[in-house]
Amino acid sequence: MDQTVTRAALSESAAEATGLSRYDIAQIADRMFELIGEALKTGETVKLTGFGTLEVRSRAERVGRNPRTGDEHRIAPRQTVVFIPSARMRDALDHLASEKA
């Protein structure tokens, strides 16, 4: 069963691991997310060593199709954020998948 890890759960875990208060951890996390968002909004790439990279990519205009009706419609060009896992993260995920198989 898939489980979602929330910001609150991450803060709780970090507080237990560091001995800092949940409030302090939440303040640090909030500021880090703000800084990451600001960097991405200016087109910068955010590299989190050992975890992965976040980068902004442009998506071209394209034609989409309503799966229910089959009607075609134009999808406007836009910017999107992509996550590229680090080699260490890919290896860890591959190892986990091979254990489950």
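For the structure itself, consult the block above.
Residues numbered from 1 in each chain as written. Predicted model: local features only at pLDDT ≥ 70, side-chain atom pairs only at ≥ 80, totals over all residues. Heavy atoms only, no water.

Asks: I'd like to hear about the nonpolar core, residue by residue, with values.
Replies: Nonpolar side chains tend toward joint burial in soluble globular proteins. Listed in full, the five residues of the largest apolar core are Ile36, Ala39, Leu40, Val46 and Leu54. In terms of residues, this core owes the most to one element, helix H2 (residues 22–41), which gives three residues. If we skip the residues at most four places from it in the chain, Ile36 touches Val46 and Leu54. (Core = buried A, V, L, I, M, F, W, Y, C linked by side-chain atoms within 4.5 Å. Buried < 20%, exposed > 50% of the residue type's maximum accessible area, 1.4 Å probe, protein only. Helix = DSSP H or I, 4+ residues; strand = E, 2+ residues; numbered from the N terminus. Contact = heavy atoms within 4.5 Å.)

Asks: Describe the environment of Ala15, listing the residues and the values that go with them.
Replies: Locating Ala15 in the fold gives a position in helix H1 (residues 7–18). Residues Ala15 and Ala26, spaced 11 residues apart in sequence, show a C-alpha to C-alpha distance of 9.0 Å. Excluding residues that lie within four positions of it along the chain, Ala15 makes contacts with Leu20, Ser21, Arg22 and Ile25.

Asks: Residue-level account of a nonpolar patch on the surface, with values.
Replies: Side chains of Leu20, Ile28 and Met32 sit close together on the surface and give an oily, nonpolar patch of about 270 Å² of accessible area. Take Met32: its relative accessible area is 46%, and that puts it in the partly exposed class. (Patch = residues over 30% accessible without salt bridge, like charges linked within 9 Å, V, L, I, M, F, W, Y side chains within 5 Å. Areas by Shrake-Rupley, 256 points an atom, 1.4 Å probe, with all protein chains shown as cover. Salt bridge = Lys/Arg side-chain N within 4 Å of Asp/Glu carboxyl O.)

Asks: An account of the pattern of salt bridges is requested, with residue identities and associated values reported.
Replies: Tallied over the entire structure, the rule returns seven salt bridges. Its salt-bridge partner being Arg22, residue Glu12 comes within 3.2 Å of it at the nearest N-O pair. You can see Glu12 sitting in helix H1 and its partner Arg22 sitting in helix H2, a full 10 residues away along the chain. Its relative accessible area of 29% is what places Glu12 among the partly exposed residues. Glu38 is the partner of Arg31 in a salt bridge, and the nearest nitrogen-oxygen pair spans 3.8 Å.

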